[in-house]
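Fold and contact review
What follows is each chain in one-letter form.
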Amino acid sequence: MGFEERTLQCLECGVDFVFSAEEQELFASRGYTNDPKRCPSCRQARKAQRYGNDGYDYRPRRQMFQAVCAQCGKDCEVPFQPREGRPVYCSDCYNAIRTNR
Ligand SMILES: [Zn+2]
Ligand SMILES: [Zn+2]
């Protein structure tokens, strides 16, 4: 599929800006189907002002850490940095332990 550079008008300040082929590709790869409504500088300003909301370039992505479950030895991913000497459990074991206590 080919992307062609396009010129769009900013909703906020009315300035024309270029929606480059690379950006379109990036948008498509993130699953966004809408064109950006604002020029890059307005986007920046909005982002700085208030995080998120109208969102296409905001997607919370939790960093996951590789760990080995202390219970079953399975590889798993946890949303926090595993600490030395602190057991990490996969979600199955974690749930089992939690409901058992
Ligand atoms: Zn603008
Ligand atoms: Zn486990």
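Residues numbered from 1 in each chain as written. Chains lettered and ligands numbered in written order. Predicted model: local features only at pLDDT ≥ 70, side-chain atom pairs only at ≥ 80, totals over all residues. Heavy atoms only, no water.

**A short note on the coordination of the zinc ion (ligand 1)**
At 2.2 to 2.3 Å from the zinc ion (ligand 1) lie its protein donor atoms, namely Cys 10 (SG), Cys 13 (SG), Cys 39 (SG) and Cys 42 (SG). Geometry at the zinc ion (ligand 1) is tetrahedral, judged from the four donor atoms that bind it and their angles of 104 to 114° at the metal. When the donor residues of the zinc ion (ligand 1) are listed from N- to C-terminus, their spacing reads C-x2-C-x25-C-x2-C. One end of the pair, Cys 10, is in the loop between strand 1 (6-9) and strand 2 (16-19); the other, Cys 42, is in helix 2 (residues 40-49), with 32 residues separating them in the sequence. Neither residue differs from the other here; Cys 10 and Cys 42 are each classed as buried. (Donors = N, O, S within 2.8 Å, 3.2 Å for Na, K, Ca; no water. Tetrahedral: all angles 85-135°; square planar, octahedral: opposite > 155°, others 65-115°. Helix = DSSP H or I, 4+ residues; strand = E, 2+ residues; numbered from the N terminus. Buried < 20%, exposed > 50% of the residue type's maximum accessible area, 1.4 Å probe, protein only.)

**Quick word on the layout of surface pockets**
Considered as a void within the structure, the largest pocket measures approximately 240 Å³ in volume. Lining the largest pocket are Glu 77, Val 78, Pro 79, Phe 80, Arg 86, Pro 87, Val 88, Tyr 89, Cys 90, Ser 91, Tyr 94 and Asn 95. Mapped onto the lining of the largest pocket, the elements with two or more residues apiece are strand 4 (75-78) and helix 3 (91-100). Ranked by residue count, the leading element in the lining of the largest pocket is helix 3, at three residues. Grouping the amino acids of the lining of the largest pocket by side-chain chemistry returns eight nonpolar, two polar and two charged. (1 Å grid on protein atoms, 1.4 Å probe; cavity = no way out; pocket = protein on both sides within 12 Å on 5 of 7 lines; lining within 4 Å. Points joined across faces, edges and corners; volume = space filled by probe spheres on them. Nonpolar A, V, L, I, M, F, W, Y, C, P; charged D, E, K, R; others polar.)

**Points about the coordination of the zinc ion (ligand 2)**
Protein-derived ligands of the zinc ion (ligand 2) are Cys 69 (SG), Cys 72 (SG), Cys 90 (SG) and Cys 93 (SG), with the metal-ligand distances lying across 2.2 to 2.3 Å. The coordination sphere of the zinc ion (ligand 2) comprises four donor atoms, whose angles at the metal cover 105 to 116°; the geometry is tetrahedral. When the donors of the zinc ion (ligand 2) are listed by position in the chain, the intervening gaps give C-x2-C-x17-C-x2-C. Of this pair, Cys 72 sits in the loop between strand 3 (65-68) and strand 4 while Cys 93 is found in helix 3, placing the two residues 21 residues apart along the sequence. Classification of Cys 93 by relative accessible area gives buried; the value is 11%.

**Topic: the pattern of salt bridges**
Overall, the coordinates contain five salt bridges when judged by the stated rule. Of the charged contacts, one joins Asp 35 and Arg 6 as a salt bridge, the two residues approaching to 2.5 Å between their closest N and O atoms. With a gap of 29 residues between them, Asp 35 in the loop between helix 1 (21-29) and helix 2 and Arg 6 in strand 1 connect regions that are remote in the sequence. The partner of Glu 12 in a salt bridge is Arg 46, with the nearest N and O atoms 4.0 Å apart. Within this pair, whereas Glu 12 is found in the loop between strand 1 and strand 2, its partner Arg 46 is found in helix 2, the two being separated by 34 residues in sequence. We classify Glu 12 as partly exposed; its relative accessible area is 46%. (Salt bridge = Lys/Arg side-chain N within 4 Å of Asp/Glu carboxyl O.)

**What to know about the packing of aromatic side chains**
By the definition in use, this model includes two aromatic pairs. Ring centres 5.2 Å apart and planes at 70° place the aromatic pair Phe 19 and Phe 27 in the edge-to-face group. Per residue, the accessibility class of Phe 19 equals that of Phe 27, and both read buried. Ring geometry for Phe 27 and Tyr 32: centres 5.5 Å apart, planes at 65°, overall edge-to-face. (Phe/Tyr/Trp six-rings, centres within 6.5 Å; stacked < 30°, edge-to-face > 60°.)

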